[in-house]
Structure formats: structure tokens, C-alpha cells
Amino acid sequence: MILSGRGVTAVLGPTNTGKTHYAIERMVAHETGVIGLPLRLLAREVYGRLVDKVGQHNVALVTGEEKITPHMARYSVCTVEAMPRETRASFVAIDEVQLAGDLERGHIFTDRVLHLRGRDETLLLGAATMKPILEQLLPGIHVIERPRLSQLFYSGSKKITRLPQRTAIVAFSADEVYAIAELIRRQRGGAAVVLGALSPRTRNAQVALYQEGDVEYLVATDAIGMGLNLDVDHVAFAQDRKFDGYQFRNLNPAELAQIAGRAGRHLRDGTFGVTGRVDPFDDELVKRIETHQFDPVRMLQWRTTRFDYSSLASLRQSLDAPPPIGGLTRALPAVDQQALEHLSRYPDVRDLATSPERVEKLWEVCALPDYRRIAPAQHADLISTIYADRVKRGTVNEDFMADQVRRADRTDGEIDTLSARIAQIRTWTYVSNRPGWLADPTHWQEKTREIEDRLSDALHERLTKRFVDRRTSVLMKRLRENAMLEAEISVNGDVFVEGHHVGQLAGFRFTLVPGTEGPDAKAVQAAAQKALALEFEARAARLHAAGNADLALGSDGTVRWLGDPVARLTASDHIMRPRVILLSDEQLVGNARDHVAARIERFVNHHIATVLKPLDDLSRAEDLQGLAKGLAFQLVESLGVLFRRDVADDVKTLDQDARASMRKHGIRFGAYHIFMPALLKPAPAELITLLWALKNDGLDKPGYGDLIPALAAGRTSVVTDPSFERAFYKLAGFRFLGKRAVRIDILERLADLIRPLLQWKPGTPRPDGAYDGRRFVATTAMLSILGATPDDMEEILKGLGYRADSVKAEEAAAFLAAQAPAGASAAAPTEAAETTAEAADEHDADAADAEGEAPVAAEQAPATETAEAAAAVETPAAEAEALAAEGVAADAEPVEAKPVLLWRPGSRHDNQRQGQRHGGERQGDRQGQGERREGGRPRGQPAGERGERRDGGRPNQGKGRDGKPQGGNRPDRGERNERGGKPQQAKFEARPPRKEKPIDPDSPFAKLAALKEQLKK
């Protein structure tokens, strides 16, 4: 083989040297011309540039899948594979000739470089590494080396999220490209995607997305290294290994430089670097890329063009022919040769390929590209079907082709599905463009082109939807144009900038949507704030004129207007007058802000005055004087509840007129509390709890708001939670009594039940639960109103300051039997209780001066709980009989009867020993915690009342260390007398009789007593 380079010019140099532009200028200077390009995408770009220069009717586009051939076209733009083997054109150019060394496609480029010539001029365009091999193979060739128009610099390693704008990120697998594009979308707004597997139409659309500035980043494979003219400032390598069709290998310096050279355009310098998991380039590699010094190409891939079609075996043997001259190496089997190897083993194919014409036809069909990237055997099956049709029918079976095309004609599915359909339709587009393969090629060319375009558009739409934030892309483009962004606000508070949702306006606060970051964030905020300034003024005017029904105060202290938070409450000097803090942006200023603040303050004050009207009226009362006014002030400060023990002296000092004036304001003087029953409802209790929490920083304390549902459900008592803040029980209207908390008004009803039992005098009809006039037992009625068990009852009574004496059931039954008068009617206790309840409407619940109000009605305990309480608590006699009957059961061991607890008010000694603790609440807390029995005796009970009863019902008194009788000890400090405590007198008989106060003839009690006497007569 004798080759010549006469008339051939090699224009060699790195990227951005203007080689392609030079070839176009030279071609239009000739009458006719052909230019071959490595990619269909690049061929499309050059075709468009030529059309702009000489007109569409003068330019043809010929690729394996597309043909645009105007009549009498002067210039042809082709992919290298579609270039004619011979031409009469005046000019021929082949671009990227360094691909002659590519393992997969190199032999095609080598054939065109060695054999295809223009009549007047031939240009070979490529890298400078091709100079030695071209001069060796084509003696006499003229070489022109062109320098790069701009410089290339290495910028090191950067995170993907820190890469500058106008960056192309390069990876070599679809999965890696998609993963990087997804990350860029989340962090920087979006990226265009360029893959070799995409259709040219889709790649063009993605490149246009980048070139037009809709996105600032391009994620691509090495497809961008083949002459695509992109406006790239920086190239970042996210991978440096690729699969070349045969193996995974590292890219060589020349390949890295080919891709890195995309950075910089014309006279603008560019940079390159690494990102992701790629190690930084070493200094030697960086220097070679920056100075474009690479190892020359020493061998070109070659395959014979002299095929022997005499038989299949001869054709296969001719493909294995060695290169005839030095500088060439036999190419590895390409896709067409691999398909031929498979088909030569098919019996039906061997039966058909019996003549040179049929063998040549088989070789033509084997040239069908494997767009689907499937296994060689599967690709060979498709070729076998097409070949059989061509031999037997002359053309491909159109029914078979129609079925294949119909399967691909769907635009649903995601990216991978659409990519597979595009690969499928590209196969049939190639078939339709091969001469002589179809009976009606024009119809199928139009049909397949239409489907491919539709699928390509759908794929572009899916890629854009997945990897591009359209809002960010539009805003970035507008910002580059230095245009003013337009913003608007919808009726529901959605804020739009340039038609894209950028945030939400809630009340007077604007919040950007997540992901609004990066260089466009400030511009978006500025445009939004401009629209918000006017909106804030309009909203302030609407809020100022809004009714109270449009505003609401939440349990967290937030004031909402039509559902949006506009303010929150915080503590002030006066607990009933919290301070209002607006929740607004800085754009709410001046009169608008003042109007909003004033309106919200009016609402908050009105809401507190309405929900807590009794308390608000009391704070403003002008008819109270002296001690009554002071007591009212304390009640307001305590938010409606005072422990009577804390103000006992003040209450006793009040005269009847002062008490009456306080009752007019809804104040009740109970046995245990001074309180306002109207506040023991869910709404007032919730607001009271909020006000206290604001004052005492209690919104985050455990138990905040958890007791209000129990109050709303009508619960009379609840099991206490030790983790809750203790004050929340009182604020919700409950008294904390150890393991159980009881509603305050229910405790006063309990006091109404206990009072007649302690006032009963032996010899008169005995009320249920009375014992000796000084002590009582818990009754079913008490348990019922409390919703408690006998054990709970014991805790509650101890918490209220009562002390228990334990006696045997038999002794209690005998004592009561001796006390009962002959012929006492069963209705007597009920009558006495009713009389006492009537009297309670007019007297206080004081031990000495019983004067108070009627108990507040409350829901009864559940039926099951009441039944259990009724079964567990009986009168002492009945309890003794029940235990005795239980003890004589057949074959059962005798069971000791349960002692009966006789309850009495704590003595003065008990209270003194209790210590001067703050309020009855803390005393009740200690009494309700940890009081357990030791040896069957209650802890905290005076020692003189712990012993077993002896004759006469007197307690057994122990002896101290000094031999003196041992008295009671402190109720909450255990058995102190055993450690030598002072003796106390615990006998009831030893207490001096109470002095009866003279009854005022004008008091309601005197009138009630006179009425009772008349009834008895």
C-alpha cells in the first residue's frame, strides 16, 4: 500500500483553537464540499452554521439515522460513519482525527483519513498528538499547528456544592451523572444533563438549557469533549475512570485534556479541577494538561475494506487480515463483526448466505448499530430477522416493523424508560434510512422521526423536571438580564416572584420556601419584600377593623388572626395584664404597627375581662373596704383560690357585712378554701393557667395544660402525677392531696358531709358515719362525690388535716349499739343531714362559726367506682357483721377483722408540731406522701391514739424513756416519741368542753333554730 499526503493539510492543536470554524470557512470557499464529524450532535451544530451561511437548500445532513438531502445540495455534513467511501466534492474535511486510535470506532476514522480525498483540498482536524503518525502514513502532508486561543489553569479540588457557576461536571456513568445532577438541583437550583445515550434532540435541548442560562451547571459524560462549543468556565472531573467498551481504565492525559479543554471560550481563560471522590491531579499531570504536552499517537486502528463476499468463511477470514503497513494495528472486533460471528453459527443464516450477493447483504445488515446496548446475541437475533426478510421478501416485513415501532410509541414513564424507547426507535430510524431495506422508506422515515422527536421532547421534560428547579432558573436568568423582578401575593398568603412560588406570608411574617438559597436568594427576598410592604399596610388596616371573633388566644400564649399568628403574650408587672409582643417582620412600621399593637392589646384585655369576669370585677371592686379589700387583693393575686388556713385570721376578723359584700362578688368561704366557683370551669381554668405560666415561665414545665381536659370531662378527682408542676393542680381547680387531687368545690361538699357528723350529740338520731360526736367514719356518700377508693379516701382525709384512730370492728359495733337510742327512726340521720345542708347556705365553714354557701353541684363518680366504694365502706356494725360471717365460712381459716378508722380533726398540738409551713397545700402534700402503716398503725398519727383500745375505749398510752406517759408526735415526722419527744395529751375526754357562743337573735341561725322547734311541735 502506497499512500500520499499530497494535497492534504492537517490542522492540529488543542481544544479552542478554532479548527472547526476554520474548516467551515474553507468549505464554503469551495463549490462543493463534505465534512465528517464524530458525533451526530456536532454534525447538527455544524449543519446549522452552514445553513446560516449559504442557505438551507444548499446543505445536506447525512447521518446513520437522519437524512436531509435538498435537491442539488452543494455541501454535505455527515457523521464519519456516514461519509461516502469516494466523492467528487472539491473539499473534504474530517474532524477529530485522533479518534483513529479509538478501540471501538478507530478503524472507521483510519479508513477515511487514509482514503477519502477532496478534488482540490483535504483537511484533517485533530489533536497535535497525531502529527508523527500522520507524517509517517501520509508523506508529503502539510501540517499546521494552531495554538490555543486562551489559557487553561488547574484550580485543585472543590466540593460539588462549592463549584463556581458555568461549570461542567464530568462523570462516566449514567447513575453518577444523575446523582450529581440531583445534588446540584437541591443545592444550586438545577443542572443540564448530557449523555451519549441521549438522542441528539434531547442533548440539544439540554445544551440549550445551559447555553441560554436557565441553569448554571452542566453534568455530562466525555461526550462534551468532542467539539461541542459550550460556554463553560470550569470543568470538574467527578470520575477519572471509564469503560471503553472492553474494560474499565483510567483516562490518559490526552483524554483528560480533551475534556478539560472545554473550559474557556475564544479569548476567555478557563479552569479545570476535580471534585467528589477523585484524588487531586499530581503536578506532572497538571503541567502536561496546561502546556498540552502529550505522548504522540503511535498506532491507528485498522480494518480491511477489501471484503471477500464469496462465502461466510471467506468474509470472516478477510476481516482478520493484518495491516499491510507499519503504524496500523488490527482493530478489535467491532459490533458488526461480533454480530457476524454470532450469525455465522445460525443454521438458517448459513442456509441463506449462499451467494456473494447474499453474503454482502448480510454484512450490510450487520452494520446496524446497537443503540439499545444489549447483549451481542440479542442484537444478532434482530439482525437475523431483518436479514431473512431482505433475502426472502426483498424488504423488511412492514408488519413486523410496525409492531416494533408501535411498542416504542409511548411517552409515559420515567427517564430510563424513555431512554430505552428512544434507543429502540433509533434502531428503526436507521433501518428506514438504509437504501433498499424498506418498500416505503419515506413513510417510515417520517414516522420514526416523529416518534423519536416526541420521545426526545418527553425525555427532555422529565430531565428538566427532575434536575432543574424552574423557579431558580427563571430568576437567575432575569437577574443576569438586570431586570426588576415582579412579585405578587395571593389571597391565602402565597408569595410569587416572576410567577414562581417563593414563600408564604402568615400574619405579618414572611417565610421563604425551603431551598431558596444561593445567589438568587437576596434578589428574591428583595422583590418579595417590595410587595410585602404594601401588603403589610393593607393587612394592618384590616386587622385594626377586625372583630373579636376573628382573633383567638391559644393555650401557648399566641394570638392568632384568622388562624395566622400575629402576637404572643409575655409576663408583665400585673399578672392579669400580660404584655403583647408582635410577631412581624421589619416591614411593619409606623402607624400600621401601632394600630396592630393597639388592636391586639384591646382584644387580649377584653378576652381576659370576659373569661375571667368575676376575677376582673373583683380587681376593680370599689365597694370593698379594709380587710375585705385586702383579702380580695390576695384572691386576685392567687388567681381565684386561697387556702383558708393561710388567711384564717383575716377571715375570722371579717364582720358579717364585709363577708356579705364579698359574697356579692361570687366569693365563697369554704371550710378549706376561699374561692370563686365561677372560675372552676375549663375556659377560665385554661386562661388562669396561661397567665400563671407567663408570669412564672411555666409554659414548658411538665403538666402544663394537661389537667384542663379532666376538668372539662367533669372529673371530681384525678390521680396525681409526681412529675407535674404542683401549682397546675391548684390553677385547674384541684387540691393536691398526695396520690389524688380533688376538685376544690367537691372538697367543700365533703366538708358539708363531715360537719354534721362532728356536731352530732349522743342521745339524738345518729347520722350515717357519726361515731361519738368527735369522730366519724368515711361513708359511701363521701366516696361517691370524690370518685375515690377507701385507700384514696384515707390519703385525702390525711391531706386535709384529719387524724385517724384505729379500733377493732367488734368494739366499734358494740360502742355504736350502746349509743343508739331506742326506737330511733332511720329517717332521722337524713333529716339531720338535710337540716345541716340547709344551714350551710348561711354560715361559714369555720369550726367555731359555721357560716358558708351551698356546695357547688358536681358530677357523681362512675357507677362502677361508686359501687366499689359502697362495697368497701360500711358502718362499723355492718362491717363487723360482714367480717364475722366471712370468718365462719366452711373449711376457711379465721380472718382477723379489719380495724375501723375513726377520723377526727387534727389537734392544736398536731398543727404546732407540723411547723409553720407555707399554706395548707404544703401540709396536705406532705400528709399525702408516704404515709404508710407500720404494724397496722398509721404513720403520722399521735402516739396516744395508735395503741389498741382498752376498756372504756381509752387509748393505750406508751411510756417514754423518763417513765412519763408518751403523747402524740408530729403528723409528718413518723413516731418521734420513740426518740424521746415531748409528751402530749391525746385523750378526747381530757379536752375542756367548748364554750358555746351566745346566738345573735337577728342572725339567720336563730331564725333557723326557731323554725326547727316549730316543726318538732
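Residues numbered from 1 in each chain as written. Predicted model: local features only at pLDDT ≥ 70, side-chain atom pairs only at ≥ 80, totals over all residues. Heavy atoms only, no water.

**Notes on the sheet that holds strand E16 (residues 270-274)**
Read from one edge of the open sheet, six strands run E9-E16-E13-E10-E12-E11, paired in parallel fashion. Lying at the two open borders of the sheet, with one neighbouring strand each, are strand E9 (152-157) and strand E11 (192-194). Pairwise comparison of adjacent strand axes, ignoring direction, gives a mean angle of 20 degrees for this sheet. Bridge count between E9 and E16: four bridges; the pairing is parallel. Looking at E16, one finds that Phe 153 is bridged to Thr 271. Relative to the sheet, helix H5 (residues 174-188) contacts strand E10 (167-170), E11 and strand E12 (217-220), its axis offset from that of E12 by approximately 165 degrees. Most of the contacts of helix H7 (residues 253-260) go to strand E13 (residues 234-237), to which it runs at about 140 degrees, and overall it touches E9, E10, E13 and E16. (Pairing = 2+ DSSP bridges. Helix = DSSP H or I, 4+ residues; strand = E, 2+ residues; numbered from the N terminus. Axes fitted to C-alpha atoms, helices over the stretch in contact; angles between N-to-C directions. Contact = heavy atoms within 4.5 Å.)

**Comments concerning the environment of Ala 538**
Mapped onto the elements of the fold, Ala 538 is located in helix H18 (residues 521-544). Residue classification places Ala 538 among the partly exposed residues on the basis of a relative accessible area of 32%. When the C-alpha atoms of Ala 538 and Ala 592 are compared, they prove to be 8.7 Å apart, with 54 residues separating the residues in sequence. (Buried < 20%, exposed > 50% of the residue type's maximum accessible area, 1.4 Å probe, protein only.)

**Topic: the nonpolar core**
Core analysis: the biggest nonpolar cluster contains 75 residues, and Phe 508, Val 559, Met 576, Ile 600 and Leu 612 have the highest contact counts within it. In terms of residue count, helix H24 (residues 682-696) provides more of this core than any other element does, eight residues in total. Judged by nonpolar contacts, the second largest core, of 63 residues, contains Ala 238, Leu 319, Leu 340 and Val 359. (Core = buried A, V, L, I, M, F, W, Y, C linked by side-chain atoms within 4.5 Å.)

**Describing the sheet that holds strand E29 (residues 673-675)**
With antiparallel pairing, the three strands of this open sheet are ordered in space as E27-E29-E28. Of all strands in the sheet, those bounded by a partner on one side alone are strand E27 (641-643) and strand E28 (668-669). Inspection of the sheet shows E27 paired to E29 by three bridges, in the antiparallel sense. The residue of E29 that forms the bridge with Val 641 is Phe 675. Sitting on the sheet, helix H27 (residues 744-759) is in contact with E27, E28 and E29, with an inclination near 130 degrees to E29.

**Section: unusual backbone geometry**
With a phi angle near 65 degrees, Met 72 is a residue other than glycine that sits in the positive phi range. For Met 72, the location among the structural elements is in the loop between strand E4 (67-68) and strand E5 (75-79). Phi is positive for Leu 562, which is not a glycine, with a value near 55 degrees. Mapped onto the fold, Leu 562 is located in the loop between strand E24 (558-561) and strand E25 (564-570).

**Remarks on the side chain of His 234**
In this structure, His 234 sits in strand E13. Those residues within four positions of His 234 in sequence are excluded, and the remaining contacts are Ser 155, Leu 163, Pro 164, Arg 166, Thr 167, Ala 168, Ala 263, Thr 271, Phe 272 and Gly 273.

**Let's talk about the packing of helix H15 (residues 415-432) against helix H16 (residues 441-467)**
The axes of two packed helices give the description: the angle between them and the distance between them. Two elements in contact, H15 and H16, have axes whose closest approach is 9 Å; the angle formed by their N-to-C orientations is 160 degrees. The orientation of H15 relative to H16 falls into the category roughly antiparallel. The handedness of the crossing between H15 and H16 is left-handed. A per-class count over the contact of H15 with H16 returns 13 nonpolar, six polar and six charged. (Parallel < 35°, antiparallel > 145°, perpendicular 65-115°, else oblique. Left-handed = near helix turned anticlockwise from the far one by under 90°. Nonpolar A, V, L, I, M, F, W, Y, C, P; charged D, E, K, R; others polar.)

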